[in-house]
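Structure at a glance
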Amino acid sequence: MKRFLITVLTVVVGVGIVAGIGAFSWWNEREPPALKALVFGTMDTPQGELPHATLELAIYPNPSDKVAGPRTTSSFEENLLSEQPFYWPSSSIQVPANTAVTITFLQYGGPMGQLYNDYFSEVHGSMDGTMLWNGKSVSKMKSTEVTHTFTVHDYPQSNQPNFFLNVPLPINDAKAKMDKAGYAEDPQKVEFTFITGDPGKYVWNCQFPCGDMYQEFGGAMQTRGWMGGTFEVVAS
Ligand SMILES: [Cu+2]
């Protein structure tokens, strides 16, 4: 009987520890609060007049006193990512369905690395095939001018509307004025407008090797909340 009780107790404690670790890592690795595109008025589009929503995202080259950066799950990870870039204020994006959405990107980082695939230096999925780069309309950039991308895609198996966007984001050149935090004083500005369809759940990530290790696809590139996240089209 005693042995039986000890066995039961051991199992109960074991299950408790596993559940505890599970709850701890779930809490640590949870999605950041969603950043929602808000509707302001309407826009004339090839699909007629649609509600118009806007959203602003910044890309910083490293955490600093100015911008804390995404949550890290340990001091080891904090160290590993202390010089790594991230999207801000959230990597969980929500946009309304059947709406014209404009995302404004402010890119604060300087030059690094080189894009592996020129496809990602082209604009894909915007309303008219272009984006505004510092106020100028462009449909692609030179691959040497790109430092991050915002690339939204579908899961391989799903039966929701297909959805794909690619926004190349420009570097600040080596001569750009940087502040103490290492951020460009006059960041690169990109405005990208696209039309959403019916609701769906997608993911986005950066396609530029801006992390470290694994051909620079480690570090920020493989950490939730830094260079990738969720992109949800929600019923409006
Ligand atoms: Cu990146």
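Everything here concerns the structure above.
Source: prediction; values computed, not measured.

Cut-offs and rules
Residues numbered from 1 in each chain as written. Predicted model: local features only at pLDDT ≥ 70, side-chain atom pairs only at ≥ 80, totals over all residues. Heavy atoms only, no water. Donors = N, O, S within 2.8 Å, 3.2 Å for Na, K, Ca; no water. Tetrahedral: all angles 85-135°; square planar, octahedral: opposite > 155°, others 65-115°. Helix = DSSP H or I, 4+ residues; strand = E, 2+ residues; numbered from the N terminus. Buried < 20%, exposed > 50% of the residue type's maximum accessible area, 1.4 Å probe, protein only. Pairing = 2+ DSSP bridges. Phe/Tyr/Trp six-rings, centres within 6.5 Å; stacked < 30°, edge-to-face > 60°. Lys NZ or Arg CZ within 6 Å of the ring centre and 35° of its normal. Core = buried A, V, L, I, M, F, W, Y, C linked by side-chain atoms within 4.5 Å. Contact = heavy atoms within 4.5 Å.

**With respect to the coordination of the copper ion**
The protein atoms donating to the copper ion are His148 (ND1), Cys206 (SG), Cys210 (SG) and Met227 (SD), with metal-donor distances spanning 2.1 to 2.5 Å. In this structure, the copper ion is surrounded by four donor atoms whose angles at the metal cover 96 to 124°, and the resulting shape is tetrahedral. Counting residues between consecutive donors of the copper ion along the chain gives the motif H-x57-C-x3-C-x16-M. Remark: Cys210 occurs in the loop between β12 (200–205) and β13 (228–234) and His148 occurs in strand β9 (residues 146–153); sequence separation between them is 62 residues. When its relative accessible area of 2% is taken as the criterion, His148 is described as buried. Judged by relative accessible area, Cys210 falls into the buried class, the value being 3%.

**Here's the deal with the pairing of β12**
Pairing of β9 with β12, which is carried by three bridges, proceeds in the antiparallel orientation. Following the sheet pairing, His153 is matched in β12 by Val203. Direction of pairing for β12 relative to β13: antiparallel, over a ladder of six bridges. Residue pairing in the sheet places Val203 in a bridge with Thr230 of β13.

**Some thoughts on the packing of aromatic side chains**
Under the counting rule described, the total for this entry stands at 18 aromatic pairs. On the numbers, 6.1 Å between centres and 65° between planes, the contact of Phe163 with Phe194 is edge-to-face. Here Phe163, found in the loop between β9 and β10 (165–170), pairs with Phe194, found in strand β11 (residues 188–195); they are 31 residues apart in sequence, far enough to count as distant. Each member of the pair, Phe163 as well as Phe194, carries the same accessibility label: buried. Taking 5.2 Å as the distance between ring centres and 40° as the angle between the ring planes, the aromatic pair formed by Phe163 and Tyr202 counts as tilted. One end of the pair, Phe163, is in the loop between β9 and β10; the other, Tyr202, is in strand β12, and 39 residues separate them in sequence. Comparing Phe163 with Tyr202, the two get one shared label, buried. Each member of the aromatic cluster is reached from another via a ring pair, and the members are Tyr87, Phe105, Phe150, Phe163, Phe192, Phe194, Tyr202, Trp204 and Phe231. Residue placement shows Lys136 over the ring face of Trp133; its charged tip is 6.0 Å from the ring centre.

**As for the sheet that holds β10**
The pairing of strands in a sheet comes from backbone hydrogen bonds and takes either a parallel or an antiparallel form. Strand order in the open sheet made by the six strands is β1-β5-β13-β12-β9-β10, with mixed pairing throughout. Edge positions in the open sheet fall to β1 (35–36) and β10, since each of these has one partner strand only. In this structure, strand β5 (residues 92–96) lies alongside β13, joined through five bridges in parallel fashion. Across the sheet, Ile93 pairs through a bridge with Phe231, a residue of β13.

**Quick look at the nonpolar core**
In terms of nonpolar packing, the biggest core is built from 50 residues, with Tyr87, Ile93, Phe105, Met131, Phe150 and Phe231 touching the most fellow members. Counting residues per element, this core draws most heavily on strand β3 (residues 48–60), which supplies six residues. Here Phe150 is in contact with Leu57, Tyr87, Ile93, Ile103, Phe105, Leu165, Asn166, Val167, Leu169, Trp204, Asn205 and Phe231, once residues within four sequence places are set aside.

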